[in-house]
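In case you want the letters, here they are:
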Amino acid sequence: MFEAKGLITPVVTALNEKEEFDPGMYKEFINHLIDAGVSGIFPLGTNGEFYAFNQEEKLEVIKTAVEAVNGRVPVYAGTGCVTTKETIEFSKKVQDLGVDCLSVISPYFVAVSQDDLYEHYSAVAKAIDMPMLLYNIPARTGNNIAFGTVKKLMEFENIIGIKDSSGNFDNTLKYIENTDPRIQVLAGSDSLILWTLMAGGTGAISGCSNVFPELMVSIYKYWAAGDIAKANEAQKKIRPFRNVMQMGNPNSVVKLAVNLRGWKVGPARRPSNCTNPTIVNALKEVFKQY
């Protein structure tokens with residue numbers, strides 16, 4: 001069974017000033033992340049602005065990521081769409097591109113029940129033949145995937161686990177403790193990486209690792225080595241940056257920070273591009289602390 005573990009980067013999507021995909025910079029940035037020790041590359045997560053691209057663009061981004069990684073670490077690809085039909089169609093296209101695991105966000109904008117979520121994910125799991133992670137981010141989708149729903153969904157062997165970006169640690173614990181022993185739970189909130197690992201999680205999909213990859217990787221490495229004190233020190237160091245993320249659209253702030261650190265990954269697509277001078281100055285102050 002595929003193991004979703006370690007520190008995985010939901011890599012920002014490099015664009016030029018015309019907001020067009022920049023494959024050269026994207027590959028260069030992915031190489032930088034792998035050199036820094038990340039355990040996986042995840043194109044088209046929230047930090048990759050999956051919501052900002054059409055299907056043709058998404059396929060190009062994923063193909064480029066697979067080429068850049070070249071088998072060095074697993075590639076996770078976000079394929080979740082609003083409707084079940086589109087999610088299945090797009091997931092089928094992506095599974096032929098050489099990725100290792102799909103990440104499927106729950107439907108967003110539409111109001112859905114837990115029964116709806118079960119039927120949605122069941123249909124996707126039946127339609128594809130590869131590992132798949134559920135992606136829970138209720139602040140963006142308007143729904144929380146209940147642990148009872150996750151428990152039912154674990155009947156499908158290719159559903160291997162869930163990324164929890166709820167920010168609610170009790171929710172994460174319920175996935176770990178009350179679903180299925182084989183579940184792989186990944187922290188989606190960077191402030192809860194160490195605590196998720198200590199509770200039985202397998203890793204994290206860390207937006208902050210775009211900006212501070214070595215630091216975020218060290219949380220996992222120290223934990224794996226049993227040095228909880230050092231892991232906790234590394235975990236606490238990201239708080240000042242996390243505070244600045246809340247000053248704007250968080251993944252747009254992450255992309256701005258990557259640019260300020262010297263990686264010319266370009267703007268976020270409007271309307272979520274971040275150019276606020278107050279945030280720029282706050283980031284520069286934060287960088288002085290690292």
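Residues numbered from 1 in each chain as written. Predicted model: local features only at pLDDT ≥ 70, side-chain atom pairs only at ≥ 80, totals over all residues. Heavy atoms only, no water.

Hey, could you run me through the overall build of the protein in this one?
The number of helices and strands found in the protein is 13 helices and 8 strands. Sorting the 290 residues of the protein into buried and exposed places 58% on the buried side. For the protein, the proportion of contacts with a sequence separation of at least 24, taken over those separated by at least 6, is 72%. (Helix = DSSP H or I, 4+ residues; strand = E, 2+ residues; numbered from the N terminus. Buried < 20%, exposed > 50% of the residue type's maximum accessible area, 1.4 Å probe, protein only. Contact = heavy atoms within 4.5 Å.)

Can you walk me through the packing of helix α2 (residues 55-69) against helix α3 (residues 84-94) in this structure?
For the pair α2 and α3, interaxial distance at closest approach is 11 Å and the crossing angle is 35 degrees. In the crossing of α2 with α3, the sense of the turn from one axis to the other is right-handed. Mapping the contact onto sequence places Gln55, Lys58, Leu59 and Ile62 in α2 and Glu86, Phe90, Lys93 and Val94 in α3. (Axes fitted to C-alpha atoms, helices over the stretch in contact; angles between N-to-C directions. Left-handed = near helix turned anticlockwise from the far one by under 90°.)

What is the right way to look at empty space enclosed by the protein in this model?
Where empty space is left becomes clear once a probe the size of a water molecule has been rolled over the atoms. Scanning the entire structure with this criterion turns up 1 cavity of 30 Å³ or more. Size it by volume and the largest cavity reaches roughly 40 Å³. Along the walls of the largest cavity sit Leu44, Gly45, Phe50, Gly78, Thr79, Gly80, Ser103, Ile105 and Tyr135, which together make up its complete lining. Considering only residue class, the lining of the largest cavity consists of 4 nonpolar, 5 polar and no charged. (1 Å grid on protein atoms, 1.4 Å probe; cavity = no way out; pocket = protein on both sides within 12 Å on 5 of 7 lines; lining within 4 Å. Points joined across faces, edges and corners; volume = space filled by probe spheres on them. Nonpolar A, V, L, I, M, F, W, Y, C, P; charged D, E, K, R; others polar.)

Honestly, the sheet that holds strand β5 (residues 132-136) in this entry has me stumped. Any pointers?
Each strand in a sheet pairs with its neighbour through backbone hydrogen bonds, running either in the same direction (parallel) or in the opposite one (antiparallel). With respect to topology, 8 strands assemble into an open sheet ordered β2-β1-β8-β7-β6-β5-β4-β3, the strand pairing being parallel. The strands lining the two open edges of the sheet, one partner per strand, are β2 (40-41) and β3 (76-78). In terms of strand pairing, β3 meets strand β4 (residues 101-105) through 3 bridges, oriented parallel. If you follow Ala77 over to β4, its bridge partner there is Leu102. (Pairing = 2+ DSSP bridges.)

Honestly, the layout of surface pockets in this entry has me stumped. Any pointers?
Each pocket or cavity is described by its volume, and for the largest pocket that value is around 410 Å³. Taken together, 23 residues form the lining of the largest pocket, with Ile137, Ser165, Gly188, Arg242 and Pro250 sitting closest to its centre. Breaking the lining of the largest pocket down by element, the ones donating at least two residues are α5 (138-141), α11 (239-245) and α12 (250-260). Partitioned by chemical class, the residues of the lining of the largest pocket number 8 nonpolar, 11 polar and 4 charged. Forming the walls of the second largest pocket are Glu17, Ser252, Lys255, Leu256, Asn259, Lys264, Gly266, Pro267, Ala268, Asn273, Cys274 and Thr275.

How do you make sense of the pairing of strand β1 (residues 6-9) when you look at a structure like this?
Strand residues, when the strand is regular, have side chains that alternate between the two faces of the sheet. Across 3 bridges, β1 lies against strand β8 (residues 203-205) in parallel orientation. The residue bridging Gly6 from the neighbouring strand is Gly203, located in β8. Relative to β2, β1 is paired through 2 bridges, and the arrangement is parallel. Residue Ile8 lies in a different strand from β2, and its bridge partner there is Gly40. One crossover worth recording links β1 to the parallel β2 by way of helix α1 (residues 23-35), and it is right-handed. (Right-handed = clockwise from strand over helix to strand, strands pointing away.)

How should the nonpolar core be read in this particular structure?
Generally speaking, nonpolar side chains in soluble globular proteins are found buried as a group. Counting residues in each nonpolar core, the largest one holds 90 residues, and the members touching the most others are Ile30, Ile41, Ile62, Val99, Leu134, Phe241 and Leu283. At 7 residues, the largest contribution of residues to this core is made by α2. In this view, Ile62 contacts Pro43, Leu44, Ala77, Phe90, Val94, Leu97 and Val99; residues no more than four positions away in its chain are not counted. (Core = buried A, V, L, I, M, F, W, Y, C linked by side-chain atoms within 4.5 Å.)

Mind showing me how you'd approach the packing of aromatic side chains here?
In this description, an aromatic ring pair is defined by two values, namely the gap between the centres and the angle between the planes. Scanning the entire structure with this criterion turns up 9 aromatic pairs. Ring centres of Phe212 and Phe287 lie 6.2 Å apart, and the angle between their planes is 80 degrees; this geometry places the pair in the edge-to-face category. Within this pair, whereas Phe212 is found in the loop between β8 and α9 (213-224), its partner Phe287 is found in helix α13 (residues 277-287), the two being separated by 75 residues in sequence. A cation sits over an aromatic face here: Lys58 above Phe90, 5.4 Å from the ring centre. Over the ring of Tyr118 we find Lys152; its NZ or CZ atom is 4.3 Å from the centre of that ring. (Phe/Tyr/Trp six-rings, centres within 6.5 Å; stacked < 30°, edge-to-face > 60°. Lys NZ or Arg CZ within 6 Å of the ring centre and 35° of its normal.)

Function-wise, these values are silent; they only describe arrangement.
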